[in-house]
Amino acid sequence: MHLTIPIDSPFSLYTLPYSIFRPAVGEPARAGVAIGDWVLDLAALEADGVFDGPALRGQSIFAQPALNAFMALGRPAWDEVRARLLDLLAPVARNAPVAPEVAHALRPRVSVELLLPANIGDYTDFYSSREHATNVGAMFRGPEQALMPNWLHLPIAYHGRAGTIVAGDTMLGRPHGQMLPSGATTPVFGPTAELDFELEVGFFIGSGSRMGEPVTIDKAADHIFGLVLVNDWSARDIQRWEYRPLGPFLGKNFATSISPWVVPLAALEPFRCSGPHQDPAPLSHLRGAENWAFDIQLQATLQSAAMRAAGLPPLVISRTNFRRLYWSMPQQLAHHTSNGCVLRPGDLLASGTISGSTPDSYGSLLELTWGGERPLVLPTGETRSFLEDGDRLALSGWCERDDYRVGFGEVAAEILPARD
């Protein structure tokens with residue numbers, strides 16, 4: 001069997017992202033790796049004794065409905081599996097047939113059901129884009145208080161709701177909440193009128209940490225298993241009323257979407273680069289290597305129900321880049337654990353909205369329309385300040401070289417009307 005991978009496929013030979021999938025209805029979920037238009041069944045390979053290196057020998061970790069056990073094994077196991085997969089798939093680069101055990105374990109990607117890749121015990125969402133924090137702060141508190149005094153000294157974050165994280169394409173019902181209408185003195189309860197997306201990237205914790213033992217910046221790579229796209233759905237009118245004094249609550253925790261494929265850190269190494277200069281210099285526990293940004297291109301598209309009916313393609317409404325983040329993943333990880341907080345395999349840490357310096361690179365509708373003052377105009381003539389019922393919002397991300405891509409695929413949702 002020959003495998004042909006299109007040059008623009010996000011799942012090139014150099015990506016090899018992990019996920020949990022179900023081959024067919026009624027069959028048990030197991031771990032897989034994407035390669036072009038196929039999913040390589042790792043449980044089938046494991047059953048054939050393919051993974052016989054010292055870190056995995058005698059283990060049964062891929063015939064499970066979550067990646068947590070594999071994540072917990074640490075970098076030696078992650079590197080061993082990736083090296084073995086690259087060896088098994090080497091014939092693809094030569095346009096030669098793959099070995100029988102590989103052909104036997106391949107499943108068409110369109111035929112499988114993709115599931116949440118891990119049992120997520122805890123979810124933390126950071127606020128690490130200076131441009132996003134400045135924009136939102138200016139709208140919520142005024143330009144004189146756009147950046148709070150602590151923002152340039154530590155990675156701000158809030159603790160999210162792990163139980164409402166979903167993977168892949170979904171249908172998202174418009175949430176209810178309490179809000180204070182403009183000009184009113186009494187709050188009301190009802191469906192949000194300001195449903196928004198947030199374009200983010202998150203990373204899964206692999207090896208955990210012990211309570212009371214911080215993870216230092218130089219050890220961060222040993223704890224970061226891989227990255228996913230994240231959409232931290234937000235109800236801005238609910239958020240605006242409730243966020244003082246303790247921050248996000250019902251305006252955020254109704255849903256968070258992630259891409260189902262976890263791109264390993266090793267796949268992103270060729271795209272490592274320096275992030276923004278930090279001034280003032282961080283405190284000692286946040287100082288370390290500056291080349292912990294990655295050149296990941298990100299975009300968001302919007303397609304209304306009327307656009308679909310007219311056969312019009314989705315409209316790109318934002319283009320930005322992961323390298324814009326002011327606070328890096330190691331800094332987020334180091335600060336998160338600096339008080340001895342425990343990390344466990346499968347925990348998810350997200351970047352916060354990633355915005356650039358130009359209006360077309362803002363990572364949320366709140367910024368793109370400046371709180372609704374500058375609505376987007378769609379190809380149908382419709383306008384959007386925030387998401388409306390029937391809209392489909394999708395995020396995608398990729399790194400690119402002349403001859404291949406390392407991509408995340410897509411995570412999308414169609415907005416459904418609020419329940420009665």
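Once a new chain begins, its residue numbering starts again from 1 and follows that chain's sequence as written. Side-chain atom pairs in this predicted model are given and counted only at pLDDT of 80 or more, local residue features only at pLDDT of at least 70, and totals for whole chains, interfaces and linings cover all residues. To obtain the side-chain values, all non-hydrogen atoms of the structure were used and water was disregarded.

Draft legend 1. Seen up close, the side chain of glutamate 242. Only DSSP runs of H or I covering at least 4 residues are called helices, and only runs of E covering at least 2 are called strands; the numbering of each starts at the N terminus. Here glutamate 242 lies in helix H7 (residues 236-242). Working definition: with a 1.4 Å probe on protein chains only, accessible area under 20% of the residue-type maximum means buried, over 50% means exposed, and in between means partly exposed. We treat Lys and Arg as the positive residues and Asp and Glu as the negative residues; His and chain ends play no part in the count. Salt bridge, as applied in this entry: a Lys or Arg side-chain nitrogen positioned within 4 Å of an Asp or Glu carboxyl oxygen. Despite being buried, glutamate 242 has no salt bridge partner; lysine 252 is the closest side chain of opposite charge, sitting 8.9 Å away. Here glutamate 242 is in contact with Gly247, Pro248, Phe249, Leu250 and Gly251, once residues within four sequence places are set aside. It only takes one pair of heavy atoms within 4.5 Å for two residues to be counted as in contact.

Draft legend 2. Representation of the packing of aromatic side chains within the structure. Classification of ring pairs rests on two measures: the distance between centres of Phe, Tyr or Trp rings, Trp counted by its six-membered ring, which must be within 6.5 Å, and the angle between planes, read as stacked under 30 degrees, edge-to-face over 60 and tilted in between. Under the counting rule described, the total for this entry stands at 13 aromatic pairs. For the pair tryptophan 78 and phenylalanine 225, a centre-to-centre distance of 5.3 Å together with 85° between the ring planes defines the contact as edge-to-face. Separated by 147 residues along the polypeptide, tryptophan 78 in helix H3 (residues 75-88) and phenylalanine 225 in strand E14 (residues 224-231) bring together distant segments of the chain. With a relative accessible area of 6%, tryptophan 78 lands in the buried category. Among the residues examined, phenylalanine 225 registers a relative accessible area of 2% and is labelled buried. On the numbers, 5.3 Å between centres and 80° between planes, the contact of tyrosine 326 with tryptophan 327 is edge-to-face. Each member of the pair tyrosine 326 and tryptophan 327 is classed as buried. For arginine 272, the ring lying beneath its charged end belongs to tryptophan 292, and the centroid distance is 4.3 Å. Seen from the ring of phenylalanine 271, arginine 401 lies directly overhead, with NZ or CZ sitting 4.9 Å from the centre. In our convention, an over-ring charge means Lys NZ or Arg CZ found within 6 Å of a ring centre and within 35 degrees of that ring's normal.

Draft legend 3. Representation of the sheet that holds strand E9 (residues 170-173). Pairing between two strands requires that DSSP report at least two bridges joining them. Here 5 strands make up an open sheet; going across it, the order is E9-E26-E25-E20-E21 and the pairing mixed. The sheet is open, and its two borders are formed by E9 and strand E21 (315-321), each paired with just one other strand. On average, adjacent strands in this sheet sit at an angle of 20° to one another, irrespective of strand direction. Bridging between strand E25 (residues 392-400) and strand E26 (residues 405-416) involves 8 bridges; their strand directions are antiparallel. When the bridges of E26 are listed, leucine 395 appears paired with valine 411. Note on method: axes are straight lines fitted to C-alpha atoms, helices fitted across the in-contact stretch only, with angles between N-to-C directions ranging 0 to 180 degrees.

Draft legend 4. Broad picture of the nonpolar core. In this description, a nonpolar core means a group of buried Ala, Val, Leu, Ile, Met, Phe, Trp, Tyr and Cys residues linked to one another through side-chain atoms lying within 4.5 Å. With 60 residues, the main nonpolar core has Phe197, Leu227, Trp233 and Phe322 as its most contacted residues. Counting residues per element, this core draws most heavily on E26, at 5 residues. Among the nonpolar cores identified, the runner-up in size contains 49 residues, and Leu42, Ala44, Ala77 and Phe204 belong to it.

Draft legend 5. Looking closely at the environment of proline 17. Structurally, proline 17 can be placed in the segment before strand E1 (18-22). Assessed through its relative accessible area of 0%, proline 17 is described here as buried. A sequence separation of 248 residues divides proline 17 from leucine 265, and the C-alpha atoms of the two residues are 9.8 Å apart. Excluding residues within four positions of it along the chain, proline 17 makes contact with Phe11, Gly32, Val33, Ala34, Trp261, Val262, Val263 and Pro264.

Draft legend 6. Summary view of the pattern of salt bridges. According to the stated counting rule, one finds 23 salt bridges in the structure shown. Note that aspartate 122 and arginine 344 form a salt bridge whose closest N and O atoms lie 2.5 Å from each other. Placement of the pair is aspartate 122 in the loop between strand E5 (113-115) and strand E6 (123-126) and arginine 344 in the loop between helix H10 (329-336) and strand E22 (348-350), with a sequence separation of 222 residues. Overall, the relative accessible area of 42% leaves arginine 344 in the partly exposed class. Because the salt bridges share partners, they merge into one network encompassing Asp196, Glu198, Asp232, Arg236 and Lys252.

Draft legend 7. Quick look at H10. The buried fraction of H10 amounts to 7 of the 8 residues, a majority that puts the element mostly inside the structure. Buried residues of H10: Met329, Pro330, Gln331, Gln332, Leu333, Ala334 and His336, and no others. Against E6, strand E13 (199-205), E14, helix H8 (265-268), strand E19 (293-294) and E22 lie the buried residues of H10.

Draft legend 8. Region of interest: unusual backbone geometry. Here the amide bond leading from arginine 244 into proline 245 is cis, since omega sits at 10°, within 30 degrees of zero. With respect to the helices and strands, proline 245 occurs in the loop between H7 and strand E16 (256-258). In this chain, aspartate 279 is followed by proline 280 through a cis amide linkage whose omega measures 10°. Among the structural elements, proline 280 can be located in the loop between strand E18 (272-273) and E19. Phi at leucine 16 takes a positive value of approximately 50°, unusual for a residue other than glycine. Its location among the elements puts leucine 16 in the segment before E1. For leucine 16, a relative accessible area of 1% gives the class buried.

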